[in-house]
Amino acid sequence: MSEQLLNVRLPHKTFRTPQGESVTALHNIDLRVRRGEFITLIGPSGCGKSTLLKIMAGLDTEHDGEVLLEGKPVTKPGIDLGFVFQEHRLFPWLSVEKNIAADLSLRQPEVRRRVSELVELVKLQGFEKAYPRQLSGGMSQRVAIARALLRSPKVLLLDEPFGALDAFTRSHLQEVTLDIWDNNRTTMILVTHDIDEAIYLAGRVVIMDARPGTIRKTIPIDLPYPRKKASSSFQELRTIVLREFERVEELELVDSSGI
Ligand SMILES: Nc1ncnc2c1ncn2[C@@H]1O[C@H](COP(=O)(O)OP(=O)(O)OP(=O)(O)O)[C@@H](O)[C@H]1O
Ligand SMILES: [Mg+2]
């Protein structure tokens, strides 16, 4: 549990705008992730959460820092790093099982076995032959998670995977995600706008700031699982996280309790 898995060091990440100006998206990022950890990243819109996740996944390599997975530089996307986007990005012309199998053939018995294992893991038994148009948003996102897990990645990176879902579906998918983490011990790094979700899932909440995107603070969440959102210890942590945002001028986080 304490073994280092992923080391991210990014002195600077800049983008060039179409007008030729340079925009600093990330500054002075130093994040070390241990094997089996569940980390949530939270911060205002534009603070660089997606940029950071894409760099960790090897989807963006134009930066002057380094990302090390088990000590080796990540220079391109690979099977060790699974990625789930906010929108599910399923192929509409493929069935659930074919979407999960991606470029592997279901004619191979070991692929069929793995796909059926994943279908069970994300609780979609009976929908193997269904097409994305026949699925709800939550079901589609579960297919996307299963697809990202196909090759048993060491790290699963999730960029606001439940952002577009209603509160009930969201809460259900939080349970599915925790189940997967609990059963497989896949290291999880999940971006969210939702403070309750960040605390509910994580062993560590990483709070980011915007302009430029930096890590403001990391808050350990030492609550045992399963967690109770209404418990006083949960609420205390919530207050601590919320207090961190009182200094952020343009607060764009979803405060899901409505307080
Ligand atoms: N391809 C790009 N070209 C130029 N600038 C970009 C590009 N991608 C992101 N940026 C800029 O980098 C900064 C960080 O963007 P990013 O998408 O990582 O933020 P975010 O924290 O994920 O925001 P949100 O919560 O809205 O998803 C923003 O200022 C954004 O405008
Ligand atoms: Mg984003």
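Criteria and thresholds
- Residues numbered from 1 in each chain as written.
- Chains lettered and ligands numbered in written order.
- Predicted model: local features only at pLDDT ≥ 70, side-chain atom pairs only at ≥ 80, totals over all residues.
- Heavy atoms only, no water.
- Near = heavy atom within 4 Å.
- Polar contact = N/O pair within 3.5 Å; in protein donor to acceptor, adjacent residues only side chain to side chain.
- Areas by Shrake-Rupley, 256 points an atom, 1.4 Å probe, with all protein chains shown as cover.
- Helix = DSSP H or I, 4+ residues; strand = E, 2+ residues; numbered from the N terminus.
- Nonpolar A, V, L, I, M, F, W, Y, C, P; charged D, E, K, R; others polar.
- Pairing = 2+ DSSP bridges.
- Axes fitted to C-alpha atoms, helices over the stretch in contact; angles between N-to-C directions.
- Contact = heavy atoms within 4.5 Å.

The name given to the chain in an unreviewed UniProt entry is Sulfonate ABC transporter ATP-binding protein, with Gordoniibacillus kamchatkensis as the source organism.

(A) Region of the structure containing the site of ligand 1. Residues in contact with ligand 1, as listed here, are F15, A25, P44, S45, G46, C47, G48, K49, S50, T51, E160 and H193. Side-chain polar atom of T51 to an oxygen atom of ligand 1: 2.5 Å apart, as the coordinates give it. A distance of 3.3 Å separates an oxygen atom of ligand 1 from a polar atom in the side chain of H193. Taking 640 Å² as the accessible area of ligand 1 by itself, protein coverage stands at 60%. In terms of residues, the shell around ligand 1 owes the most to one element, helix α1 (residues 49-57), which gives three residues. Grouping the amino acids of the shell around ligand 1 by side-chain chemistry returns four nonpolar, six polar and two charged.

(B) How the structure looks around the sheet that holds strand β10 (residues 214-220). Here six strands make up an open sheet; going across it, the order is β6-β7-β8-β3-β9-β10 and the pairing mixed. Lying at the two open borders of the sheet, with one neighbouring strand each, are β6 (81-84) and β10. Direction aside, neighbouring strands of the sheet carry axes that sit 20° apart on average. Relative to β10, strand β9 (residues 204-209) runs antiparallel, the two sharing six bridges. Considered in β10, the bridge of I207 is made with K217. Here helix α4 (residues 137-149) sits on the sheet in contact with β6 and β7 (155-159), set at roughly 165° to β6. In the packing of helix α7 (residues 232-245) onto the sheet, the strands contacted are β3 (38-42), β9 and β10, and the crossing angle to β10 comes to about 170°.

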